Amino acid sequence: MMFQTIEEQPVIATERMVLRPVRLSDAGLIGLYAGDIRVAESTSSIPHPLPPGATEAFVARAMNMSAAERIWVMDGTAHAMPEVLGVISLKQMDRDQSEIGYWVAPAFWNTGYASEAVQALIAANPLKNKAIFAQVFQDNPGSARVLTNCGFGYLGDAESFSVARNARVQTWTYLKKMS
């Protein structure tokens, strides 16, 4: 598979933020927000508590030019908001498909930032995907609303392992076919 290098990863402007590549200087806020148990338990991959070096490893992975996952920071500085509001990513799969993932810092929940970021990433379609999948935990209906509001269709129930919960959690799976 061919992937864009980090220099080719686009900056995507929205009404209230820009989605931009992760920088080393983002580690502090990413660590602060990802270290919140409410954020960690809403993802499959963030451990809680965050072990030493986990944030730095995430930032290094996000900046890796050959990685199969493209990660953007939701940056609100152009609109007098914090430099990191959350994170959104596309993980490349086979057959021109990706899986989208995102989290927003709890201070910005219920503000529409997640929907705005998802909608912008879909519109930009930087990996030229034919379809984008998503999976959310069933006890996170807000995240499911983000997907349905952005045109994702429900595919079915599944389960995924949550590192923070150290358990398998029931999920809803969604699909967005790209035009």
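Every chain is numbered independently, its residues counted from 1 as its sequence is written. In keeping with the predicted nature of the model, local features appear solely for residues at pLDDT of at least 70, side-chain atom pairs appear and are counted solely at 80 or more, and the whole-chain, interface and lining totals rest on all residues. To obtain the side-chain values, all non-hydrogen atoms of the structure were used and water was disregarded.

A. Geometry of the sheet that holds strand 8 (residues 167-177). Pairing is mixed across the open sheet formed by 8 strands, whose spatial order is 1-2-3-4-5-6-8-7. Among the strands making up the open sheet, the edge pair consists of strand 1 (12-13) and strand 7 (153-162). At least two DSSP bridges between two strands are needed for those strands to be called paired. Secondary structure counts use DSSP, requiring at least four H or I residues in a row for a helix and at least two E residues in a row for a strand, with both numbered from the N terminus. Relative to strand 6 (residues 131-137), strand 5 (residues 97-104) runs parallel, the two sharing 3 bridges. Residue S98 lies in a different strand from strand 6, and its bridge partner there is I132.

B. The nonpolar core, seen in detail. We define a nonpolar core as any set of buried Ala, Val, Leu, Ile, Met, Phe, Trp, Tyr and Cys residues linked to one another through side-chain atoms lying within 4.5 Å. Accessibility here uses a 1.4 Å probe with only protein chains present; expressed as a share of the type maximum, an area under 20% marks a residue as buried, one over 50% as exposed, and anything in between as partly exposed. Residues L19, I88, I100 and F152 are the most contacted members of the largest nonpolar core, which totals 48 residues. Among the elements that make up this core, the one with the highest residue count is helix 4 (residues 113-124) (7 residues). Working rule for contacts: check all heavy atoms of both residues, and any pair within 4.5 Å makes them a contact. Beyond its immediate sequence surroundings of up to four residues, F152 is in contact with I100, V118, I122, I132, F133, A134, L147, Y174, L175 and K176.

C. View of the side chain of E69. Here E69 shows up in strand 3 (residues 69-75). Within 3.5 Å is the distance limit for a polar contact, defined as a pair of N or O atoms, with the added protein rule that one can donate a hydrogen and the other accept it, and that residues adjacent in sequence qualify only through two side-chain atoms. Side-chain polar atoms of E69 contact the side chain of R61, separated by 3.3 Å. Setting aside its immediate chain neighbours within four residues, E69 contacts R61, S89, L90 and K91.

D. Up close: the pairing of strand 3. Counting buried residues in strand 3 gives 7 out of 7 residues, a clear majority hidden from the surface. Of the two faces of strand 3, the one lined by E69, I71, V73 and D75 and the one lined by R70, W72 and M74 are each fully buried. Taken together, the 4 bridges between strand 2 (residues 18-21) and strand 3 define a ladder with antiparallel strand orientation. Residue pairing for strand 3: R20 is matched across the bridge by V73. Direction of pairing for strand 3 relative to strand 4 (residues 86-92): antiparallel, over a ladder of 6 bridges. Note that in strand 4 the partner of I71 across the bridge is S89.

E. Quick look at the pattern of salt bridges. When a carboxyl oxygen of Asp or Glu lies within 4 Å of a side-chain nitrogen of Lys or Arg, that pair is called a salt bridge. This model, assessed by the stated rule, comprises 12 salt bridges. One salt bridge connects R20 with E83, and the closest N-O pair in it is separated by 3.6 Å. Taken together, the residues span a long stretch of sequence, with R20 in strand 2 and E83 in the loop between strand 3 and strand 4 at a distance of 63 residues. A salt bridge links D96 to K130; its shortest N-O distance comes to 3.7 Å. Residue D96 is found in the loop between strand 4 and strand 5, and its partner K130 is found in the loop between helix 4 and strand 6; the two are separated by 34 residues along the sequence. For K130, a relative accessible area of 55% puts it in the exposed group.

F. Region of interest: the packing of helix 1 (residues 27-34) against helix 3 (residues 54-62). Packing of helix 1 against helix 3 brings their axes to within 9 Å, and their N-to-C directions diverge by 120°. With respect to helix 3, the element helix 1 is oriented oblique. Taken as a pair, helix 1 and helix 3 cross one another with a handedness that is right-handed. In this structure, helix 1 uses A27, I30 and G31 to contact helix 3, whose residues at the interface are T55, F58 and V59. For helices, the axis comes from a line fit to the C-alpha atoms of the stretch in contact; other axes are also lines fit to C-alpha atoms, and the angle between any two N-to-C directions lies between 0 and 180 degrees. Every angle not falling under 35 degrees, over 145, or within 65 to 115 is termed oblique; those three ranges are roughly parallel, roughly antiparallel and roughly perpendicular. For any helix crossing, the convention is left-handed if the near helix is rotated counterclockwise from the far helix by under a right angle, and right-handed if that rotation is clockwise.

G. Molecular detail of the packing of aromatic side chains. Pairs were defined over the aromatic rings of Phe, Tyr and Trp, the Trp ring being its six-membered one, requiring ring centres within 6.5 Å. Orientation was assigned from the angle between planes: stacked under 30 degrees, edge-to-face over 60, tilted for the rest. This model, assessed by the stated rule, comprises 2 aromatic pairs. Plain terms: the ring middles of Y154 and Y174 are 5.9 Å apart, the flat faces sit at 70° to each other, and that makes the pair edge-to-face. Of this pair, Y154 sits in strand 7 while Y174 sits in strand 8, and the two are 20 residues apart along the sequence. The exposure class assigned to Y154 is partly exposed, which follows from its relative accessible area of 47%. Taking the relative accessible area as the measure of exposure, Y174 reaches 6% and is therefore buried. The ring of W109 is capped by R38, whose NZ or CZ atom sits 5.7 Å from the centre of that ring. Lysine and arginine charges are scored as sitting over a ring when NZ or CZ, respectively, is within 6 Å of the ring centre and within 35 degrees of the ring normal. When the ring centre of F137 is taken as origin, the NZ or CZ atom of R165, which lies over that ring, is 4.8 Å away.

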